[in-house]
Amino acid sequence: MKGTTRLRQTINSIYRWAQKNSLWVIHYNSGGCNGCDIEILDLLTPRYDVERLGILAEGSPRHADVLLCTGPVTRQSKEGLWQIYSQMPSPKWVVAVGSCSITGGVFQGSPTVLGGIDKVVPVDLYVPGCAARPEAIIAAFVQLRERIAHGK
Ligand code: SF4
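Just so it is clear, the structure is predicted and the values come from calculations on it, not from any experiment. (Residues numbered from 1 in each chain as written. Predicted model: local features only at pLDDT ≥ 70, side-chain atom pairs only at ≥ 80, totals over all residues. Heavy atoms only, no water.)

(A) Region of the structure containing unusual backbone geometry. Of note, the bond from S90 into P91 is cis; its omega dihedral lies within 30 degrees of zero at 0°. Note the cis peptide between C130 and A131, where omega equals 0°. As for its placement among the helices and strands, A131 is situated in the loop between β7 (125-127) and α5 (134-149). With a phi close to 85°, N34 is a non-glycine residue in the positive phi region. Note on placement: N34 falls in the loop between β1 (24-29) and α2 (35-43). Exposure remark for N34: the relative accessible area of 43% places this residue in the partly exposed category. (Helix = DSSP H or I, 4+ residues; strand = E, 2+ residues; numbered from the N terminus. Buried < 20%, exposed > 50% of the residue type's maximum accessible area, 1.4 Å probe, protein only.)

(B) Highlighting the packing of helix α1 (residues 2-20) against α5. One way to put it is that α1 packs onto α5 with a least axis distance of 9 Å and a crossing angle of 170°. Comparing their axes, α5 and α1 come out roughly antiparallel. Across from R16, Q19 and K20 in α1, the residues of α5 making contact are R145, I148 and A149. Residue composition of the contact of α1 with α5, by class: 2 nonpolar, 1 polar and 3 charged. (Axes fitted to C-alpha atoms, helices over the stretch in contact; angles between N-to-C directions. Parallel < 35°, antiparallel > 145°, perpendicular 65-115°, else oblique. Contact = heavy atoms within 4.5 Å. Nonpolar A, V, L, I, M, F, W, Y, C, P; charged D, E, K, R; others polar.)

(C) Layout of the nonpolar core. In this structure, V66, L68, V97, I137, F141 and L144 are the most contacted members of the largest nonpolar core, which totals 23 residues. Looking at this core, the elements with two or more residues in it are α2, β3 (66-70), β5 (93-97), β7 and α5. The element contributing the most residues to this core is α5, with 6 residues. Not counting residues within four places of it along the chain, the set of residues in contact with L68 comprises V25, I26, H27, Y28, I40, V95, V97, I137 and F141. With 16 residues, the next largest nonpolar core counts L67, C69, V94 and A96 among its residues. (Core = buried A, V, L, I, M, F, W, Y, C linked by side-chain atoms within 4.5 Å.)

(D) Layout of the environment of Q83. With respect to the helices and strands, the residue Q83 is situated in helix α3 (residues 78-87). As for Q83 and P61, which are separated by 22 residues in sequence, their C-alpha atoms are 9.1 Å apart.

(E) Broad picture of the packing of aromatic side chains. Going through the model one piece at a time under the given rule, you end up with 1 aromatic pair. Their ring planes at 35° and their centres at 5.5 Å tell us that W82 and Y85 sit as a pair that is tilted. Of this pair, W82 and Y85 both sit in helix α3, separated by 3 residues, roughly a single helical turn. Of the residues examined, W82 reaches a relative accessible area of 37% and is grouped as partly exposed. The ring centre of Y85 lies 4.1 Å from the NZ or CZ of K92, which sits over that ring. (Phe/Tyr/Trp six-rings, centres within 6.5 Å; stacked < 30°, edge-to-face > 60°. Lys NZ or Arg CZ within 6 Å of the ring centre and 35° of its normal.)

So this is what it looks like as structure tokens:
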């Protein structure tokens, strides 16, 4: 019995190690100005070399672990955002990048804007800023890796 428990713990720790070192991301703009998208593109260039942390851009939600979302959620983008999220396999995480994705930002009050993306999908990490800096996004990933490593 003790041996089985230890084996399970070992498998779980290998699983978590693999998971934290292999976070494939999909990026979606639900209605922002593209400022945060440019920062995300910058993040994915060799300058920041986020592949060393296992972060890789992925085009299909079915292969992605993390949804990086920019911009406020609008009436038009609501369905698309939910579709992408629901097609991602579990476990999955959502990172709201930039003030607009957190609260609606400068677009608050518009009749077509519903607010932050947590109106539609559950958000795990918030990266403030207008635009959010690549360093702040990397800090969010470091936090996410810590959470995964500790099984949270
Ligand atoms: S937070 Fe600023 S830069 Fe990012 S989408 Fe909103 S207005 Fe644009």
